[in-house]
Each structure stands twice: as structure tokens, then as C-alpha cells.
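# Architecture at a glance
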Amino acid sequence: MERFMMFNDQPIDSFLVMELSDLAQTLARDRGWTVEFAAHSGVHLAKQTIYVSQFWGVYPSPDKEQAMKSDVVLRMIGTRRHTDAGAVRAFRQTAEAQPLSKLSKQLFSFAEDLRLEAVCERERPGLKRWFRARRRLYRRYFTQQWQANRTRGALADQFLAAMYLRLTADSPLDDVPLVPMADEARQARLEALWPQFYDVSSTAETARWTLTIVALMESVLPDDMVNTYTSLPIVDDGEDERKMTIHDLKRTDPLENRDTSNDSSNGDVHRQVMPTWHRETSRTGGNFLRFELERGTRTGMLGDGARPGDDSDQALAIVQGTSRPTNRNEYGLEAHASFDDHPRTRSGAPYGEANRQAELVLLPSPPPSPLHLEQYRAKQAAVAPYRKRLVRVMEQWLEHQRSAWRTNLPAGRLRKQLVPFFTDERPRLFYKKGEPARRFDAVFGLLVDCSASMHDKMEETKTGLVLCHEALKTLRVPHAIVGFWEDANEATASWQPNYMQTAVSFRRSLGPSSGPAIMQLEPHEDNRDGLAIRWMTEQLLGRPEAQKVLLVFSDGEPAAYGYEQNGIIDTHEAVADARRRGIEVVNLFLGRGADDESTRRTIENIYGRFRVFVPHVSELTDRLLPLLKMWLQRSL
């Protein structure tokens, strides 16, 4: 399963997303700001979100990067600091009452952006090259649009393109005709009005200039704009979203015809079953087809009588409350207890803003079955040579580190054999005791991606986990092995259950019966890596050992509900935060032989140089051995 950050079926460069986010947070001096991609550029002040226009995605990489960075700078420095939100709301209300409302809004947006570009260039002259690239791309685009809309007869679109070309012209000779369809008097009036734009100094003045221009064009342009090139710079959900009332829920559209049937008998009622079952909708009572009847004859078949309610009435799903565990996810009584014992508190985001709606569900592993015990013994035998080699090397290392008893010293403790005192001219009768044996002061946390894309790698991954477990258990090093995934079928916009299945816990990792539960890890659905890393970081910080290592076994980018655009950034921030707290975070990227280059670069962007590429999963044990040796030697 390929994982990409997608917008309109186009892969997005995750490194560029992180670069834009760092730029926004640096300009705002606030780590709470995020960057998302949308059809048009804008800023949501309440959500602290900047929307970068996907319009730039079709251009070559250098131009695209400069234009997207200009979007971030324009919204962060210009719109956030120098745009009057009240004036924008007032202009919106006025423009919506005009016959050319789309033209009014888009002309205002472009004019306000051009005013803010000049403000940003004055405050930060180093940004001029970004805005020059932005205007160059826009001018090329609107030159094409002016020609195309003149051919199609879209006069309002042609006028907007001509206005942008006039406002951004570098030479007075670049005079695109604004309204060739108007009479000479209106053309002269417009030629006198549009240069007044260069005198505006506030959002309110830009709004007045726009309304004056559009009022002059109302009698010239027969229709409003056809296309939408931009939107108002400040995103306001309260203005855009229509509130749903109880009357909307109870609405019944009348029939187009008013004829009725006089037949009082109900006759034979024919039922037709239309099954719509598939794996994603296998829950009982959750599927139905609804028909809006607009034509037909009014009959008395149903009458005015009421019928008893039924659990499968999806019309009442809006009051059923939050989701509960279903029979399809049979995780045992512990999982059901986790839903009841952990209330869904949304007062904060302890695991990152991107995981605000995510809820952790801890799943302790049940006792292993005889099949799991047999599989574990088989993998034990397969990794035995690797384990013995690592243990032997580490024991030799300990032996070298351990100082042997030193004798024949000129100072120290007097030994019992005093014969050299009588036989040697310069006897050395003293010795020093060796240093006590030291233990490995380290702890390991192993996170296993249990998403659906791991279905062809899970068995080899289990072999590597068994090697780590057996070697660390022999060397008496505490560790934990946890699989993580998100239930895509249960996830909603307000609640995303994330399961953490503990196969080996810190407390029982050194016990003789620990290990077979590793065989219970299976691929499920999605993976929210940032949440899992932050959770394991908390567990490791509670340990007393000095050396703390976090290993992440995964096969690609994080992907979960609402996690497409910000998942890369959230995981990167989780890794950086863990490293700031003294935890070594290393990713073992499990490949497919010929890995996609963009995915490899994404993993490098998230984990930096602390990542190990395993092109073939069968090589995992060979790659793990030197890593374990290195970390254990550091812990001494």
C-alpha cells in the first residue's frame, strides 16, 4: 500500500511542507501555527492555520517553492498584522448584496494582496525575490486567461485579468485594454479611477476603491464571473457555514403534482430488498437507501399513524452519541474497559495538536495460544546464532572493560606472598583489587507499525523483534515491544481510536515466559506515528536507566484520519522532542526491494541521519545486530 500526502490526487513534498511550517512558526514566533494546502491562499486566525494555494503546484520546483513561501509570508506578515478583519467582514456583507459579488470579492483580494506585498517588502527587503516570482507567475497566467476569456466571451473574467495585469505592470507601455466593450466615456472614467489604487493605505480604503470600480462596471458587464481565482484572505467559518436548524432536519419537500388517490385500500405492498453490504459497512442496521420522492400520487398507505421505533433507524443516528467498540474488533474485555475507564477529555492536546481528537486505547496481550508458542520457538531457533554472537561479543567487551587484579605494584594492598621481599633487590609486594562488574545501564522501547501496509513484512519483522527480545533478555536489559495502529472504520472527525498493544512490557521483559506475545502482533489499518512516539517517550522518561533508546519499525509515511498533510510534521516534531529529552530515536525503514525515492526522502526528513534502510526485510536481523552492539557499548 503506497502512502502519500495527497491533494487533488497530487503528491505533496513533505520536506516542503515542513519547511513552510518552520517559516510560518519563525515569522509568528509561535509553535502553534500550522500550514495546510487548499484551493486558495488564506489565513484562519482562530485556528492559527495558514492555507497555501495549490495553484502553485503545477510549476517547476524553484518557482513553486518561492511562490508557496510568498503565500506564507503574505499571510503571516501582511494579512495577520496589517489587514483589518472588521473591514473584511463589512466588505463581504456589502459585496454579497451586489450583482457582481464574485468580481467584487476577487478584485478586492488581489488588490489587498498587492498592497500587502509592498508592506512586506518594506519590512523585509530580502523577500522581494519571492514576490517577484509570485507576480511573474500570476502575470503569465492572467495573460493567458485574458486571451481565453475574450475568446469565450466571459467579460467579467477578462476584466479581472486585465486589472491584475494593469496593477502589476512594470512599464507604462504595458497597457492591456480594460473594457474594450465599454463606451469611451466609461473607459475614460475607468482610466482615471484605477490608478487611485496606488494611494490606498488600509484595508478599508482598498474596499472603497474596489466597490467604486465594480459599481462603474455594473452597467458594462452583463454577468458575474464564471471562474474563481482567489478568495478573501481571512477565513471565517462563521460567515461561510450555514447553520442547520431543527426545521432542516424535519424538512419535507412537497410533491410537484397535487393529485391524490381516492382508493382507501392499501392493496398489496411489494418489498424489494437491495443489499448494499461490503466490508466497510458490515455493521447491522447501518446501511439504507433514501429516496427523495418529488413526483407521484398522494395515498393513505401510511396514514398519520406512528410506528414503533427501531434500533436500526439511522435517522436517529445524530443522537446516538459517541462511538463504542463493535463486535468486529474483538480485542477482549480489556479494550472495553479502556473505553469506559478513559473519558474523552478534550481540554488539551497532550500528544500534539494534530492528535487532539485521538484517544489512546491500551491493549494488554492475552495469554499466548499453543500456536503462538510453537511459532515463537521456531523463531527462537532461527535467531539463536545471532543472539549467541551478540551475547558473546558483549561479554568479551565487558571482560575487557573490567580491570583485572593488578599485582607487583609499588603501592596498594600488601599481598600474602612475601618471598620477593627476601629474593628481589626491589620487591613489589602490593596489589589492587579489580573493579566490580558493571551492568548495562540502558532501556529500549520498540514501536512496531501495525498498519495494513505491513501485511507482507510482519513475519520478518517479528523475527527481528524476537532477536532483540532474546538478546536483551539474556543481557538483562529491560525493554518493551508495543504495536500501534488506528482503527480507520471507527475514526471520525471528533474521535480517532488508537490502539497500543503491549506484547512485552518493561516489568516482564526479563521474565522467562515473556516473548511469545510478540506473535500476536498483526497488521490492521492506519498508523499515527507521532502519537505513538510521544506515548513511548513518556514511558521511557519514567525509567531510571541513563541510556534510553527508541526503535521505530515502519515501512513508510504515517497515514491516518485527517493526518495526511500534517502527519509528517507531527511525527518530525515528536522525534525532535524525544531527542531533546535525551532519547535516541532511530527508524528502521522496512522496504520492498525497490523503494520509492520520495518515501525514502520523507523518512530522512523525519528522522534525519538516525534511520536505517532495510531494502529487504529478510536482512533485518543482520542490520539489528551492529545497532544493538553499539547502543549497549555506549551504556557502559
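This section reports on the structure supplied with the text. (Residues numbered from 1 in each chain as written. Predicted model: local features only at pLDDT ≥ 70, side-chain atom pairs only at ≥ 80, totals over all residues. Heavy atoms only, no water.)

## Looking at helix α17 (residues 597-607)
Because an α-helix packs 3.6 residues into every turn, residues spaced three or four apart end up facing the same way. All of the buried residues in α17 are T599, T602, I603, N605, I606 and Y607. Positive backbone phi, at 70 degrees, marks G608, one or two positions downstream of α17. (Buried < 20%, exposed > 50% of the residue type's maximum accessible area, 1.4 Å probe, protein only. Helix = DSSP H or I, 4+ residues; strand = E, 2+ residues; numbered from the N terminus.)

## Describing the packing of aromatic side chains
What describes a pair of aromatic rings is the distance from one ring centre to the other and the angle between the planes of the rings. Applying the stated criterion to the full structure yields 21 aromatic pairs. When the centroid spacing of 5.4 Å and the interplanar angle of 70 degrees are considered together, the rings of Y141 and F142 count as edge-to-face. Plain terms: the ring middles of F197 and Y198 are 5.7 Å apart, the flat faces sit at 65 degrees to each other, and that makes the pair edge-to-face. Exposure remark for F197: the relative accessible area of 7% places this residue in the buried category. By the ring-pair criterion, three or more aromatic residues cluster together here, those being F55, W56, Y59, F110, Y138, Y141, F142, Y164 and Y229. Positioned over the ring face of Y563 is R528, at 4.6 Å from the centre of the ring. (Phe/Tyr/Trp six-rings, centres within 6.5 Å; stacked < 30°, edge-to-face > 60°. Lys NZ or Arg CZ within 6 Å of the ring centre and 35° of its normal.)

## Things to note about the side chain of S514
By the secondary structure assignment, S514 is in the loop between β12 (496-504) and α15 (529-541). One polar contact links the side chain of S514 to the main-chain carbonyl oxygen of S509, over a distance of 3.1 Å. For S514, the contacting residues outside a window of four places in its chain are Y376, H469, K473, R508 and S509. (Polar contact = N/O pair within 3.5 Å; in protein donor to acceptor, adjacent residues only side chain to side chain. Contact = heavy atoms within 4.5 Å.)

## Points about the sheet that holds strand β5 (residues 49-53)
Picture the strands of a sheet paired through backbone hydrogen bonds; they go either parallel or antiparallel. Read from one edge to the other, the open sheet built from three strands follows the order β3-β5-β4, with strand pairing classed as mixed. Both outer strands of the open sheet, β3 (34-38) and β4 (42-44), are each paired with one neighbouring strand and no more. Each adjacent strand pair in this sheet contributes to an overall mean axis angle of 25 degrees, direction not counted. Inspection of the sheet shows β4 paired to β5 by three bridges, in the antiparallel sense. Bridged to G42 within β5 is Y51. Across the sheet, helix α2 (residues 61-82) touches β3, β4 and β5, and the angle it forms with β5 is around 140 degrees. (Pairing = 2+ DSSP bridges. Axes fitted to C-alpha atoms, helices over the stretch in contact; angles between N-to-C directions.)

## Let's talk about the side chain of S451
In this structure, S451 sits in the loop between β10 (442-449) and α14 (458-474). Looking at S451, its side chain comes within polar contact range of the side chain of S453, at 3.1 Å.

## Examining the pattern of salt bridges
Here the structure, examined in full by the defined rule, presents 24 salt bridges. For E459, the salt bridge goes to K462, with nearest N and O atoms at 3.6 Å. Linking E459 with K462, this pair stays in helix α14, spanning three residues, or about one helical turn. Since its relative accessible area comes to 1%, K462 is described here as buried. One salt bridge connects E470 with K473, and the closest N-O pair in it is separated by 3.7 Å. Here E470 pairs with K473, and both are found in helix α14, just three residues apart, close to one helical turn. K473 matches E470 in its accessibility class, with the two residues each being buried. Salt bridges sharing common partners tie together D71, E117, E121, R134 and R135. (Salt bridge = Lys/Arg side-chain N within 4 Å of Asp/Glu carboxyl O.)

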